[in-house]
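The residues making up each chain are set out below.
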Amino acid sequence: MQKQYDSLKLIKVENLGDFVYKVSLNRPSKFNALNMEIWKEIGDCFQWIDEDSDCRVVILQGEGKHFCSGLDLGGVSFLNEDDGDKDSARKGRAILKTIKFMQKQFTYIDECSKPVIVAMHGYCLGAAIDISTACDVRVSTKDAILSVKEVDIGMAADVGTLNRLPKVVGNHSWIKDICLTARHFSAGEALQFGLLSRVFDTREEMINEVQKMAKLIASKSPVGVQGTKNVLNYARDHTIENSLNYVATWNMSQLFTDDLIKASMASFSKQPQPPFSKL
Ligand SMILES: CCC/C=C/C=C/C(=O)SCCNC(=O)CCNC(=O)[C@H](O)C(C)(C)COP(=O)(O)OP(=O)(O)OC[C@H]1O[C@@H](n2cnc3c(N)ncnc32)[C@H](O)[C@@H]1OP(=O)(O)O
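For the protein, an unreviewed UniProt entry supplies the name Delta(3,5)-Delta(2,4)-dienoyl-CoA isomerase, mitochondrial and the organism Caenorhabditis tropicalis. What the UniProt record of the protein gives under Pathway (unreviewed entry) is the line "Lipid metabolism; fatty acid beta-oxidation."

## Some thoughts on the sheet that holds strand β4 (residues 116–120)
If you trace the six strands from one edge of the open sheet to the other, you get β1-β2-β3-β4-β6-β9, paired in mixed fashion. Taken across any chain shown, the strands that pair with only one partner, and hence form the sheet edges, are β1 (11–17) and β9 (198–200). On average, each strand axis in the sheet is tilted by 20° relative to the strand beside it, whichever way the strands run. Of the strand pairs in this sheet, β4 and strand β6 (residues 137–141) are connected by four bridges, and their pairing is parallel.

## Quick word on a nonpolar patch on the surface
Residues L255, L260, I261 and M265 make up a contiguous nonpolar surface patch of roughly 410 Å² in combined accessible area. Summarising the element assignment, I261 is placed in helix α11 (residues 258–268). The exposure class assigned to I261 is exposed, which follows from its relative accessible area of 56%.

## A short note on the site of the ligand
For the ligand, the set of nearby residues contains 22 residues, the closest of which are K30, S69, L71, L73 and A127. Interatomic distance of 2.9 Å between a side-chain N/O atom of S69 and a nitrogen atom of the ligand. With respect to the ligand, the backbone of L73 contributes an N or O atom lying 2.9 Å from a nitrogen atom. Burial of the ligand by the protein chains amounts to 67% of its free accessible area of 1100 Å². Its residues placed into classes, the shell around the ligand shows 13 nonpolar, four polar and five charged.

## Some details on the side chain of S132
Counting through the fold element by element, S132 comes out in helix α4 (residues 127–133). Within the structure, the side chain of S132 is placed 2.9 Å from the backbone oxygen of I129, a separation counted as a polar contact. Ignoring sequence-local partners within four residues, the contact set of S132 consists of V118, M120 and R138.

## What about the environment of P28?
Here P28 is to be found in the loop between β2 (20–25) and α2 (36–51). The exposure class of P28 is partly exposed, given its relative accessible area of 36%. Residues P28 and Y246, spaced 218 residues apart in sequence, show a C-alpha to C-alpha distance of 42 Å. Among all residues touching P28, those that are not within four sequence positions of it are E63 and G64.

About the cut-offs
- Residues numbered from 1 in each chain as written.
- Predicted model: local features only at pLDDT ≥ 70, side-chain atom pairs only at ≥ 80, totals over all residues.
- Heavy atoms only, no water.
- UniProt positions renumbered as here; feature names shortened; annotations may be inferred.
- Pairing = 2+ DSSP bridges.
- Helix = DSSP H or I, 4+ residues; strand = E, 2+ residues; numbered from the N terminus.
- Axes fitted to C-alpha atoms, helices over the stretch in contact; angles between N-to-C directions.
- Patch = residues over 30% accessible without salt bridge, like charges linked within 9 Å, V, L, I, M, F, W, Y side chains within 5 Å.
- Areas by Shrake-Rupley, 256 points an atom, 1.4 Å probe, with all protein chains shown as cover.
- Salt bridge = Lys/Arg side-chain N within 4 Å of Asp/Glu carboxyl O.
- Buried < 20%, exposed > 50% of the residue type's maximum accessible area, 1.4 Å probe, protein only.
- Near = heavy atom within 4 Å.
- Polar contact = N/O pair within 3.5 Å; in protein donor to acceptor, adjacent residues only side chain to side chain.
- Nonpolar A, V, L, I, M, F, W, Y, C, P; charged D, E, K, R; others polar.
- Contact = heavy atoms within 4.5 Å.

This is the structure we're talking about:
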């Protein structure tokens, strides 16, 4: 597995031990702006992590001064490249394919069986918000500056924010406020409206606390943790009735796990969680 991760050029993957991985956007000279290469690497990385039984929780962060400044505007021309004699229907099909590809790379985060905690700092603009809404837990430093910036570059956000934000945050007036104005908003405001669950004074404090949270989750039964992510994602996208049916069907097999007895015995006797076999 490590060999695969080492092939990535703009994403860094570190095994922190205790089944916790740290994944970093690693293009600090451009404030982690996302070109097609890093976009694809995000997708590859989360597909590999999904299969990697040495990883039970992921921390996603950005190297350097900022989490991510969004789409690489230097490379934006790929969207309206001169397609020679292609007519609009054919140009449209080509763009459709590109947008779907770009959407899918972030959806791999949402679909990853392991919980992903995103720890943001500095600028978190445009595609950075798309990424964050595909993650399971969002935290930031208090000086983070966030923006659903797409309107400012003349487009409707199309790689996740407009689709996932209404599932993350209940206040649709606030969603439309930030998405239509593209204004910068603070970590405090994001916390107030529920986009973030915690805000930290410094980056160091954030990384320490997030590592503790990741370690705690990773110490628990992977059958319990991964089942919980899976069912919560299903519940987000379906009716309560469908989702109750889904969890009952899911647990038809999962309740036969050895983890159930081991974890319950430890819980009952007030002992720490025991080690669990790889999943
Ligand atoms: C189908 C497409 C789907 C995806 C859509 C996604 C859309 C979006 O993400 S919309 C948001 C796009 N991003 C932006 O509008 C931000 C652009 N950047 C800035 O406004 C400023 O750079 C920023 C406010 C972040 C920081 O300003 P500051 O004065 O502190 O630094 P700079 O000198 O501007 O930047 C430092 C170097 O980083 C490069 N850089 C920063 N952001 C980007 C970017 N988004 N794309 C490309 N390059 C970026 C900047 O050019 C500097 O590089 P260098 O000149 O080589 O030093």
